[in-house]
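Each chain, letter by letter, is given below.
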Amino acid sequence: SSGINAESQSVLFSFLDDFWKRVSYVAGTYDSPDGFIKLNKAIRDIEKNASGEKRFRLFYLALPPAVFIPVCTQLKENCWIESSNGECRVIIEKPFGHDLDSSNELSEAITKLFKEHEIYRIDHYLGKEMVLNLMILRFGNELFRSVWNRDRISAVVITFKEPFGTYGRGGYFDTNGIIRDVMQNHLLQILSLMAMERPVSTDASDIRDEKVKVLRYIEPLKLDDVIIGQYTGNPDGKTDDSKLGYKDDPGVAKGSKTATYACAILRINNDRWSGVPIIMKCGKALNERKAEIRIQFKDAPSNMFGARCQRNELVMRVQPQEAVYCKMNVKSPGMSFDAEESELNLSYHDRYEELDLPDAYERLILDFILGSQTNFVRTDELAEAWRIFTPLLHKLDAGEKDPVEYQYGSRGPAEADEFVKNAGYNYSSTYQWKKK
């Protein structure tokens, strides 16, 4: 790359050359033992030349869910080691099933083969810097402890937006939709960390216990709890992709009702969160790339400044440009005594200029190697997630709710704004956070 000097290029090429020398390839089919026997032999040949007494075998399954069980069976029968000087672990990529029944079937088969401490279900959002920061912010700062509840919080909004559509992968997306692709996993993981009670310790089992507990307080979603949308082409779009609607993809059925946008309101029926709407929004072909957690606090009592003061908000920007900022009211500069919105801002790229934040997968694969399961999804946690969404997904799959059309590059369906407002979230357009 032209942005890398000659010395750095030399180091990079030397590293890559050394890396590729360590990579080998073994061919085989998913359900035949022959390929896995060859794989085991290849691993043994490598282990003969390895230093150290203990052997670790780490398997990463980035595969279609339909072949998880046959592949795991072959790994267990032909490549697994269980002894005092050996250990095996397996990463499984999402989707972890299609609904509660298929997920339970998959989990039952895998847990018969492997112990829970050997299974790592990866959701890369759990490796995001700001998602990991949630626990420190909540439980490491007394400032937030007394206000993190229904008495002070009016609403919580968890948002995921992408500015591009699904053209070219519409065939895959049409069988899943935005709820299975993003909301049921990424956004629900964020919700559980945001809403859980303080764990006994930072041990993986203690943290995951609390995540499961808070999910159990959430009732299954109904059709009235969601607004779904599907994008149409923008005739004035600046790119060819933006001029195409979702159903213009040849891989998508012309009458498809698959949602490319969803807004859902969840309720956590416990002492901390009862009455607080937890709003989750996600969509494709929207106006910007953004993922964030927004905690909106209640109106100040007896506000002597009237409508000039907006609700305070604590915002954790997951991507892009990681940041934590608090929207607050201050005196407008100058001679007037008017109130205006501003913020207390911790932008990671400003505060930690020299820091190169690791990629989410980079961090999670290191956790996998080290044997830390804190940021991976446990079997009972997965079951609770599917319990919440499966009844809704079955109704949507049956076509019982039509998606609202929205134009490529917009904020999404206008109906969603009214839906969120009626739930208790007050949107203020008087101030926008300025990215530097």
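Data block above holds the structure.
One structure accompanies this document, and this report is about it. (Residues numbered from 1 in each chain as written. Predicted model: local features only at pLDDT ≥ 70, side-chain atom pairs only at ≥ 80, totals over all residues. Heavy atoms only, no water.)

### What to know about the pairing of strand 8 (residues 290-297)
For strand 8, the buried fraction is high: eight of the eight residues fall into the buried class. Of the pairings in the sheet, the one linking strand 4 (residues 153-161) to strand 8 comprises eight bridges and is antiparallel in character. Residue pairing across strands places isoleucine 153 opposite phenylalanine 297, the latter belonging to strand 8. Of the strand pairs in this sheet, strand 8 and strand 9 (residues 313-319) are connected by six bridges, and their pairing is antiparallel. Residue pairing across strands places alanine 291 opposite glutamine 319, the latter belonging to strand 9. (Buried < 20%, exposed > 50% of the residue type's maximum accessible area, 1.4 Å probe, protein only. Helix = DSSP H or I, 4+ residues; strand = E, 2+ residues; numbered from the N terminus. Pairing = 2+ DSSP bridges.)

### Focus on the pattern of salt bridges
Applying the stated criterion to the full structure yields 32 salt bridges. Measuring nitrogen to oxygen at the nearest pair gives 3.6 Å for the salt bridge that ties arginine 317 to glutamate 292. Here the residue arginine 317 occupies a position in strand 9, and glutamate 292 occupies one in strand 8, the gap between them amounting to 25 residues. Pair check on accessibility: arginine 317 and glutamate 292 agree, each one buried. Here glutamate 313 and arginine 294 are joined by a salt bridge, their closest N and O atoms 2.5 Å apart. Highlighted residues: glutamate 313 in strand 9 and arginine 294 in strand 8, separated in sequence by 19 residues. Overall, glutamate 313 belongs to the buried group, its relative accessible area being 3%. (Salt bridge = Lys/Arg side-chain N within 4 Å of Asp/Glu carboxyl O.)

### Points about a nonpolar patch on the surface
Among the surface-exposed residues, Leu12, Phe13, Phe15, Leu16, Phe19, Trp20 and Val23 lie close enough to one another that they form a single nonpolar patch of about 710 Å² accessible area. Residue placement: phenylalanine 19 occurs in helix 1 (residues 6-21). (Patch = residues over 30% accessible without salt bridge, like charges linked within 9 Å, V, L, I, M, F, W, Y side chains within 5 Å. Areas by Shrake-Rupley, 256 points an atom, 1.4 Å probe, with all protein chains shown as cover.)

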